[in-house]
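# Summary of structural features
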Amino acid sequence: MAAVAKGPDRADARSGLAGRGRSEGARARSTSARPVARGGPGAYFRQLALLADGLVLVAAFPLAYLVKTRLLPADLTPLYSPEVYVAPAAMVAMATLFVLERRGAHTAAATRSLGVITGTVVLSVAIALVFGATLLYAFKLSYVSRLFLALYGASSALLLIGVHLSLRPLIARARETGVSAPRVLLVGDDAEAAHLAAVLEEESPFGIAVVDRLSVEALRRATVRADASGAEFPALDELLAREAIDEVAVATSDLRTPDLSRLVAACDREGVHLHVAVAALGAGLERATLERMADVPMLSINPQVHSAWARALKRALDFVLAPILLVLAAPLWIAIAVAIKLDSPGPVFFRQERIGLNKRRFGMLKFRTMDEGAEEKRPEMDALNEADGPIFKLRRDPRVTRVGRVLRRFDLDELPQLLNVLAGQMTLVGPRPMLPSEIVDFASWQRKRFSMHPGITGLWQVSHTLGDPFLTGLQADLDYIDRWSLRLDLAIVLRTLLAVLRDREAH
């Protein structure tokens, strides 16, 4: 059971942060075929895959134009300049993406079979072409070549099928290893939980990993009045504190309304997605999206009120910008590596275990800035700590090397974390990556900070200085999660650059 973090402001901070998320998320949406909000490393695979489809549809335009102008007889139909066909092709492209999404083109079932992939893509493009031709006829756009539109549809279908087929082995490999599978805790009896697990498995391209199953009796056992940490289901709270869990799925109709309310609150505090079978509901739930997984109607509660497309774009920017920055900084990496080796004995890189998305542990990389064996000397220096809470910081740490002081002053020691971004363990902007020792006394409401990937820079890093209360930094991370947007990320990047230019000491 997690304990409450030490500090005089903990009660006020917890109540304030809890209240902030409620007002922002009190809206319910209901559709019959929206993609289900998932947790874990592959949470936004569907959106990223559709973005890739969009790029393919853009590439199909010049291909179709080339075929029409270079490979087919000129007397078939006259063809004007490419600008004339941009709008009709864009209509077909958007309609194709819409149909692909509605037909679940990126679910597990749709990515396993060559026949299913081909059928889904061809049918989606055909429906889009009929839609486009209908608009051309309705608005009497006779100058637009129907042959070109057909060529564009054929090019789009061929490229989409090729891309979807190329993803098959990657998805199959990820499914076998389970590296991107959401980790799910099931609540319900054996038969109910097994059926729901099968539905979740089929819906997710990467499958699922069932962490554990809690029966209703086990969930209710030893239920107590909420203590200072907010725990009301001890068995559930212990699992959420101990295990890396992305989603909790409720398959039973035996839960009472108070049980469901406590369950929603527990998952909300932790930043964990909750799926509840409609049959289990006795009351309305905030931030609920009515979904359908196969034959099971579900309500999905996302702990953050974020656009899935915006979050997918954030991940796409990570994977685009990180390699660009790596290439641009390559000469600097070489110079830093040489300087480190000449300055002191030991490796160039320092690897340290940190806590990532939903408490996954990973090895965070930095350029080594301390003498070799500095970690073993840390306990001897606890009395000199200048930071509040469980964090250890010294303005003039005697273990830091000469080169290390320069690297830290300009945050250059953080550059290797671009490799963590490429590995999907971190993001460019996000909550501060924390050490396992720093989260031992976290309360459940504080663990919500792990519902987003940790970042190379973040609101904590740019707003928290050495000596500030630990809880103010923690609140900055939670505030970032509640208020996240791409605009906020851009503002944090600009503040980070200004801090580096001002020669600010890293904290």
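The structure displayed is predicted, hence computed values, not measured ones.

The rules behind the values
- Residues numbered from 1 in each chain as written.
- Predicted model: local features only at pLDDT ≥ 70, side-chain atom pairs only at ≥ 80, totals over all residues.
- Heavy atoms only, no water.
- Buried < 20%, exposed > 50% of the residue type's maximum accessible area, 1.4 Å probe, protein only.
- Helix = DSSP H or I, 4+ residues; strand = E, 2+ residues; numbered from the N terminus.
- Right-handed = clockwise from strand over helix to strand, strands pointing away.
- Pairing = 2+ DSSP bridges.
- Expected span 1.5 Å × (residues − 1).
- Arc of directions from axis to C-beta.
- Contact = heavy atoms within 4.5 Å.
- Patch = residues over 30% accessible without salt bridge, like charges linked within 9 Å, V, L, I, M, F, W, Y side chains within 5 Å.
- Areas by Shrake-Rupley, 256 points an atom, 1.4 Å probe, with all protein chains shown as cover.
- Salt bridge = Lys/Arg side-chain N within 4 Å of Asp/Glu carboxyl O.
- Core = buried A, V, L, I, M, F, W, Y, C linked by side-chain atoms within 4.5 Å.
- Polar contact = N/O pair within 3.5 Å; in protein donor to acceptor, adjacent residues only side chain to side chain.
- Phe/Tyr/Trp six-rings, centres within 6.5 Å; stacked < 30°, edge-to-face > 60°.
- Axes fitted to C-alpha atoms, helices over the stretch in contact; angles between N-to-C directions.
- Parallel < 35°, antiparallel > 145°, perpendicular 65-115°, else oblique.
- Nonpolar A, V, L, I, M, F, W, Y, C, P; charged D, E, K, R; others polar.

Of all 5 residues in strand β5 (residues 273-277), 5 are buried, a share of seventy percent or more. Because side chains alternate across β5, one face comprises the buried residues His273, His275 and Ala277, and the other comprises Leu274 and Val276, equally buried. Since strand β4 (residues 247-250) and β5 lie parallel, the crossover through helix α10 (residues 257-270) that links them has a hand, and here it is right-handed. Relative to strand β7 (residues 296-301), β5 runs antiparallel, the two sharing 4 bridges. Paired with Ala277 across the two strands is Met298, which belongs to β7.

This part is about helix α18 (residues 486-501). In a regular helix each residue adds 1.5 Å, so 16 residues correspond to 22 Å; α18 covers 23 Å between its end C-alpha atoms and thus fits that length. Of the positions making up α18, those classed as buried are Leu488, Asp489, Ile492, Thr496 and Ala499. One face of α18 carries all of its buried residues, which in axial projection span an arc of 100°. Counted as exposed and oriented over 90 degrees from the buried face of α18: Arg487, Leu490 and Leu501. Looking at the buried positions of α18, the neighbouring elements they touch are α11 (308-328), β10 (427-429), β11 (455-457), α16 (459-463) and α17 (470-483).

With that out of the way, let us pick up a nonpolar patch on the surface. Side chains of Leu313, Leu317, Val320, Leu321, Ile324, Leu325, Leu328 and Leu486 sit close together on the surface and give an oily, nonpolar patch of about 650 Å² of accessible area. In terms of residue count, the dominant contributor to the nonpolar patch is α11 (7 residues). Relative to the helices and strands, Leu321 is located in helix α11. For Leu321, a relative accessible area of 36% translates into the label partly exposed.

This brings us to the nonpolar core. With 27 residues, the main nonpolar core has Ile340, Phe367, Tyr480 and Ile492 as its most contacted residues. Among residues more than four places away in sequence, those in contact with Ile340 are Pro347, Val348, Phe367, Arg368, Val403 and Leu407.

To continue, consider the pattern of salt bridges. In this structure the tally under the stated criterion is 23 salt bridges. In this structure, Arg175 and Glu201 form a salt bridge, with 2.8 Å as the shortest nitrogen-oxygen distance. Remark: Glu201 occurs in helix α7 (residues 190-203) and Arg175 occurs in helix α6 (residues 146-177); sequence separation between them is 26 residues. In this structure, Asp343 engages Arg402 in a salt bridge whose closest nitrogen and oxygen atoms are separated by 2.9 Å. Of this pair, Asp343 sits in helix α12 (residues 330-343) while Arg402 sits in helix α14 (residues 402-409), placing them 59 residues apart in sequence. We classify Asp343 as buried; its relative accessible area is 16%. With relative accessibility at 57%, the residue Arg402 sits in the exposed group.

Residue position: Glu83 is located in helix α3 (residues 83-102). With relative accessibility at 60%, the residue Glu83 sits in the exposed group. Among the polar contacts made by the side chain of Glu83, one reaches the side chain of Ser81 at a distance of 3.0 Å.

With that settled, consider the packing of aromatic side chains. This model, assessed by the stated rule, comprises 11 aromatic pairs. When the ring of Phe45 is compared with that of Phe206, the centres are 5.0 Å apart and the planes differ by 70°; the resulting orientation is edge-to-face. Note that Phe45 is positioned in helix α2 (residues 45-71) and Phe206 in the loop between α7 and β3 (209-214), a separation of 161 residues in sequence. A relative accessible area of 9% means that Phe206 is categorised as buried. When the centroid spacing of 6.5 Å and the interplanar angle of 65° are considered together, the rings of Phe61 and Tyr152 count as edge-to-face. Residue Phe61 is located in helix α2, and its partner Tyr152 is located in helix α6; the two are separated by 91 residues in the primary sequence. Residue classification places Phe61 among the buried residues on the basis of a relative accessible area of 15%.

This part is about the side chain of Thr496. Its place among the elements puts Thr496 in helix α18. The contacts of Thr496, once residues within four sequence positions are left out, are Thr457 and Val462.

To continue, consider the pairing of β3. As paired elements, strand β2 (residues 183-187) and β3 share 5 bridges and run parallel to each other. Counterpart to Leu185 in the pairing with β3 is Asp212. The handedness of the β2 to β3 crossover, carried by α7, is right-handed.

With that settled, consider α14. For α14, every residue scored as buried is listed here: Val403, Gly404 and Leu407. The arc enclosing the buried residues of α14, seen along the axis, measures out at 100°, which places them on a common side. In this fold, the buried residues of α14 make contact with α12 and β9 (361-367). Positive backbone phi, at 60°, marks Asp411, one or two positions downstream of α14.

For any two helices packed against each other, one specifies the inter-axial angle together with the distance between the axes. For the pair α11 and α12, the least separation of the axes is 4 Å and the interaxial angle reads 55°. Taken together, the axes of α11 and α12 are oblique relative to one another. Here Leu326, Val327 and Leu328 of α11 lie close against α12, whose contacting residues are Ala330, Pro331 and Trp333. Residue composition of the contact of α11 with α12, grouped by class: 6 nonpolar, no polar and no charged.

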